[in-house]
Amino acid sequence: MQILTPHVYWAQRHGEIFLRVELSDATNVDIRLMEDNTLQFRAQGHGAKGDNQYEFSLEFLEPVKPEIHQKSTQRQVDIKIKKREERWWQRLTLREKKPVFLGPDFDRWLDESDAEMELQAKEKINKISVESRVRKDPYLGLKKGYLFMYNLVQFLGFSWIFVNMTVRLFILGQDSFYDTFHTAADMMYFCQMMAVLEVINPLLGLVKTKFFPAMIQVAGRNVILFVIFGSLEEMQNKAVVFFVFYLWSTIEIFRYPFYMLACIDTEWKLLTWLRYSLWIPLYPLGVVAEAVAVIQSLPIFDETRLFSIPLPSVLGRSLSFSYTLQLYLVLMFLGLFINFRHLYKQRRRRYRSRKKKVQ
Ligand SMILES: CCCCCCCCCCCCC/C=C/C(=O)SCCNC(=O)CCNC(=O)[C@H](O)C(C)(C)COP(=O)(O)OP(=O)(O)OC[C@H]1O[C@@H](n2cnc3c(N)ncnc32)[C@H](O)[C@@H]1OP(=O)(O)O
């Protein structure tokens, strides 16, 4: 008896093979994958040579998975087979010479780059649908709105200080150093009081910042601003105030807009770079300027006895606050070390995760 072969059309994707067998009203369909990676097809149906038994076999170019998905319709038999390894095949069969009954399925045909694009589009759709299934935080908008406003107010405050000091420096030169406090202190008080929120925000889970580095930062600055400059009039017209305020505001006019953009899921590369690089020279300089301010205040606290701790009369009059400040000087450099390490890690994390995204 003559063996009849149906027309078979094929197409591929990176992970699958599609076969379309031109056999209408197929019955007794028997499809098997043999151990030698050969597909054997046998069925009764209406093909090119009328109602008959049709069969064919195909030895695939590369290994395929044993599961076969098959669907018979009135017009054809569709077969889907998964490749064992997701890669593009040069041809369907191991033998270079194409069987005469085999042809490309132009309805499904894609070349490798088109298939790649189709795959990427599918992955994108999957990602979007997974993301939309993840339950959204109902207060996310409110939280982002609050953070955006907070950062905006701080940005405006520090920009005012920075611009004011720069303009005065250009007009008055070195003379502007000595009355920085009288022109900028109110705004600096406002900004630094607000900055207490930077310690509260991580506690409420509003930002990913770690509590300890934020606390060191805010506490460190507030000791300088409120205790050293704020409580000692003698300190207020010293040049060191200029350097401390200028260093603080220089970093903040880049840090807060960076956060503002983060709140609206936007990023400017240059701003990100400035936020994660400027601290490298500015943080040590800031701490040195603060240390100079503390050292300059020591004799004033000794003289005025301000904040001194009363002692029993056998031990003397009182313990000068300058001793506490000397201890604080040591803590300052410990704080500098902790925050410098923290910021270095943040910088590495930021640039490592961006590199990964680019790959
Ligand atoms: C033993 C200790 C004793 C304590 C006693 C005190 C001694 C202290 C001495 C120390 C002296 C310090 C005095 C200060 C001097 C100066 O400031 S000098 C000038 C230079 N200064 C700086 O450069 C420091 C600037 N400050 C900071 O960078 C921060 O305050 C920080 C806490 C030190 C670090 O910030 P952190 O939030 O941890 O890192 P980021 O990478 O910026 O943010 C992490 C993620 O969180 C998001 N985020 C953070 N804040 C906000 C916000 N307000 N709004 C929106 N989003 C925010 C941010 O976007 C990041 O998210 P991802 O991008 O998704 O990761």
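Residues numbered from 1 in each chain as written. Predicted model: local features only at pLDDT ≥ 70, side-chain atom pairs only at ≥ 80, totals over all residues. Heavy atoms only, no water.

Going by an unreviewed UniProt entry, the protein chain carries the name Very-long-chain (3R)-3-hydroxyacyl-CoA dehydratase and comes from Ameca splendens. Here is the UniProt Subcellular location (unreviewed entry) comment for the protein chain, exactly as written: "Endoplasmic reticulum membrane". According to the UniProt record, the Sequence similarities (unreviewed entry) comment for the protein chain reads "Belongs to the very long-chain fatty acids dehydratase HACD family." (UniProt positions renumbered as here; feature names shortened; annotations may be inferred.)

*Asks:* Account for empty space enclosed by the protein, naming residues and giving values.
*Replies:* In the structure shown here, the tally under the stated rule is one cavity of 30 Å³ or more. If you add up the space inside the largest cavity, you get close to 40 Å³. Lining the largest cavity are Q192, A195, E198, Q217, V218, R221, E252, R255 and Y256. Those elements giving two or more residues to the lining of the largest cavity turn out to be α5 (211-229) and α7 (239-263). Here the lining of the largest cavity is composed, by residue class, of three nonpolar, two polar and four charged. (1 Å grid on protein atoms, 1.4 Å probe; cavity = no way out; pocket = protein on both sides within 12 Å on 5 of 7 lines; lining within 4 Å. Points joined across faces, edges and corners; volume = space filled by probe spheres on them. Helix = DSSP H or I, 4+ residues; strand = E, 2+ residues; numbered from the N terminus. Nonpolar A, V, L, I, M, F, W, Y, C, P; charged D, E, K, R; others polar.)

*Asks:* Lay out the site of the ligand in plain terms, naming residues and giving numbers.
*Replies:* K208, T209, Y276, H342 and R350 are the nearest of the 34 residues found near the ligand. R255 is positioned such that a nitrogen or oxygen atom in its side chain is 3.3 Å from an oxygen atom of the ligand. Compared with its free state, where it exposes 1400 Å², the ligand has 91% of that area covered by protein. Breaking the shell around the ligand down by element, the ones donating at least two residues are α2 (140-172), α5, α7, α9 (279-304) and α10 (321-358). Among the elements that make up the shell around the ligand, the one with the highest residue count is α10 (nine residues). The residue makeup of the shell around the ligand, split by class, is 19 nonpolar, eight polar and seven charged. (Near = heavy atom within 4 Å. Polar contact = N/O pair within 3.5 Å; in protein donor to acceptor, adjacent residues only side chain to side chain. Areas by Shrake-Rupley, 256 points an atom, 1.4 Å probe, with all protein chains shown as cover.)

*Asks:* Just give me the short version of a positive patch on the surface, but keep the residues and values in it.
*Replies:* There is a patch of like positive charges on the surface, built from K208, K210, R341, K345, R348, R349 and R352. The topology assignment puts R349 in helix α10. (Patch = residues over 30% accessible without salt bridge, like charges linked within 9 Å, V, L, I, M, F, W, Y side chains within 5 Å. Salt bridge = Lys/Arg side-chain N within 4 Å of Asp/Glu carboxyl O. Lys, Arg positive; Asp, Glu negative; His and termini not counted. Charge placed at Lys NZ, Arg CZ, Asp CG, Glu CD.)

*Asks:* Hey, could you go over the layout of surface pockets for me, with residue numbers and the actual values?
*Replies:* When its volume is computed, the second largest pocket comes out at roughly 220 Å³. Taken together, 13 residues line the second largest pocket, and the ones lying closest to its centre are H14, G15, E16, E86 and L119. Residue assignment for the lining of the second largest pocket shows that the elements contributing at least two residues are β7 (77-83) and α1 (112-133). Ranked by the residues each element gives to the lining of the second largest pocket, the list is headed by α1, at four residues. For the lining of the second largest pocket, the residue count by class is two nonpolar, two polar and nine charged.

*Asks:* Provide a residue-level description of the nonpolar core, including the pertinent values.
*Replies:* Counting 50 residues, the largest nonpolar core has I228, F229, F245 and V294 as its most contacted members. For this core, the elements supplying multiple residues, two or more each, are α2, α3 (180-194), α5, α7, α9 and α10. Looking at this core element by element, the count peaks at eleven residues for α9. The contacts of I228, once residues within four sequence positions are left out, are V223, M235, A293, V294, S297, F301 and L325. (Core = buried A, V, L, I, M, F, W, Y, C linked by side-chain atoms within 4.5 Å. Buried < 20%, exposed > 50% of the residue type's maximum accessible area, 1.4 Å probe, protein only. Contact = heavy atoms within 4.5 Å.)

*Asks:* How would you explain the sheet that holds strand β5 (residues 50-59) if you had to name every residue and give the values?
*Replies:* In space, the three strands of this open sheet follow the order β3-β4-β5, with antiparallel pairing throughout. The open sheet has two edge strands with one neighbour each: β3 (24-33) and β5. Between one strand and the next, the sheet's axes are offset by a mean angle of 15°, whatever the strand orientation. Note: strand β4 (residues 38-47) against β5, ten bridges, orientation antiparallel. Bridged to A43 within β5 is Y54. (Pairing = 2+ DSSP bridges. Axes fitted to C-alpha atoms, helices over the stretch in contact; angles between N-to-C directions.)

*Asks:* Lay out unusual backbone geometry in plain terms, naming residues and giving numbers.
*Replies:* Despite not being glycine, N37 has its phi angle at roughly 70°, a positive value. Assessed through its relative accessible area of 15%, N37 is described here as buried.

*Asks:* Which residues make up the side chain of R221, and what values do they have?
*Replies:* With respect to the helices and strands, the residue R221 is situated in helix α5. Dropping the residues within four chain positions of it, R221 is found in contact with F158, Q192, W248, I251, E252 and E290.

*Asks:* Tell me about the pairing of strand β1 (residues 8-12), and name the residues and values.
*Replies:* Among the five residues that make up β1, four are buried, leaving the element largely enclosed by the rest of the structure. Taken together, the five bridges between β1 and strand β2 (residues 16-21) define a ladder with antiparallel strand orientation. Among the inter-strand pairings, W10 is bridged to a residue of β2, identified as L19. What sits between the antiparallel neighbours β1 and β2 is a turn of three residues. In the sheet, β1 pairs with strand β8 (residues 102-104) via three bridges, with the strands oriented parallel. Bridged to W10 within β8 is P104.

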